[in-house]
Amino acid sequence: MTENYYLPRSGPMPRPNSVEEGREILKNEAFDAPNVQSITFNALEFTAVCPKTGQPDFGRVEITYTPQEKCIESKSLKFYLWSFRDQGAFCESLAAQIADDVVYAIQPEEVHVTVYQTARGGIELTTKAVRHRDE
């Protein structure tokens, strides 16, 4: 993308137009990493849409990464995850896409993304994607 996307410094957060926009904001809002070995985000309110039925899928996302030079800014992560609200995606592909987008945004040493989908039809689903710097 040639555009530079940034979030407003104050006021209400705008609604994401697409996952791609969210990904660019995740990258553009990254900041220099302090001397820490591990960072974990727990997003307790995650929503996507089932691509088969169009019904909402609820769950949570856990992202743990080892920073290299950049860190994810939490407001940009909220915006990015919100962008999936209207996106049709299987839980299995969500973990992979989020991990790939974190790598795109900050190039961490490693990242672990786990998506916990809340039970629907009596079935819970957990998927995990791991990316290492040398991949």
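Keep in mind that this is a model prediction, so the values were computed, not measured. (Residues numbered from 1 in each chain as written. Predicted model: local features only at pLDDT ≥ 70, side-chain atom pairs only at ≥ 80, totals over all residues. Heavy atoms only, no water.)

K.L.:
Break down the layout of surface pockets for me, with residues and values.
P.N.:
If you add up the space inside the largest pocket, you get close to 320 Å³. In terms of lining, the largest pocket is formed by 14 residues, of which the most central are Ala43, Glu45, Leu77, Lys78 and Leu81. For the lining of the largest pocket, the secondary structure elements donating two or more residues are β2 (39-49) and α2 (74-82). (1 Å grid on protein atoms, 1.4 Å probe; cavity = no way out; pocket = protein on both sides within 12 Å on 5 of 7 lines; lining within 4 Å. Points joined across faces, edges and corners; volume = space filled by probe spheres on them. Helix = DSSP H or I, 4+ residues; strand = E, 2+ residues; numbered from the N terminus.)

K.L.:
Report on the nonpolar core, specifying residues and quantitative values.
P.N.:
Core analysis: the largest hydrophobic core is formed by 30 residues, its most contacted members being Ile63, Tyr65 and Ile98. Within the residue set of this core, elements represented by two or more residues are α1 (19-28), β2, β3 (56-66), α2, α3 (91-106) and β5 (110-120). With eight residues, α3 is the single largest residue contributor to this core. Not counting residues up to four positions away in its chain, the partners in contact with Ile63 are Ile39, Thr40, Phe41, Leu77, Ile98, Val102, Val111, His112 and Val113. (Core = buried A, V, L, I, M, F, W, Y, C linked by side-chain atoms within 4.5 Å. Buried < 20%, exposed > 50% of the residue type's maximum accessible area, 1.4 Å probe, protein only. Contact = heavy atoms within 4.5 Å.)

K.L.:
Can you break down the UniProt feature "active site" (unreviewed entry) in the protein residue by residue, with the values?
P.N.:
Feature annotation in UniProt places "active site" (unreviewed entry) on Cys50 and Asp57, given in this structure's numbering. Those annotated residues from the list above that line the largest cavity are Asp57. Along the polypeptide, Cys50 turns up in the loop between β2 and β3. The class for Cys50 is buried, based on a relative accessible area of 11%. Inspection of the secondary structure puts Asp57 in strand β3. (UniProt positions renumbered as here; feature names shortened; annotations may be inferred.)

K.L.:
Quick rundown of the sheet that holds strand β6 (residues 123-132)? Include the residues and the values.
P.N.:
Backbone-to-backbone hydrogen bonds join strands into a sheet, with any given pair of strands oriented parallel or antiparallel. Across the sheet, four strands lie side by side as β2-β3-β5-β6; this open sheet has antiparallel pairing. Two strands close off the open sheet at either side, each with one partner strand: β2 and β6. When strand polarity is set aside, the average angle formed by the axes of neighbouring strands in this sheet is 15°. Strands β2, β3, β5 and β6 of the sheet are contacted by α3, whose axis makes an angle of about 30° with β6. (Pairing = 2+ DSSP bridges. Axes fitted to C-alpha atoms, helices over the stretch in contact; angles between N-to-C directions.)

K.L.:
With reference to specific residues and values, describe the packing of α1 against α3.
P.N.:
Contact pair α1 / α3: the axes reach a minimum separation of 8 Å and the direction vectors enclose 40°. As summarised for this structure, α1 and α3 are arranged oblique, according to the angle between their axes. For the element pair α1 and α3, the recorded crossing hand is right-handed. Here α1 contributes Val19, Arg23, Glu24, Leu26 and Lys27 to the contact with α3, which in turn contributes Gln97, Asp101, Tyr104 and Ala105. Each residue belonging to the contact of α1 with α3 can be placed in one class, and the counts come to four nonpolar, one polar and four charged. (Parallel < 35°, antiparallel > 145°, perpendicular 65-115°, else oblique. Left-handed = near helix turned anticlockwise from the far one by under 90°. Nonpolar A, V, L, I, M, F, W, Y, C, P; charged D, E, K, R; others polar.)

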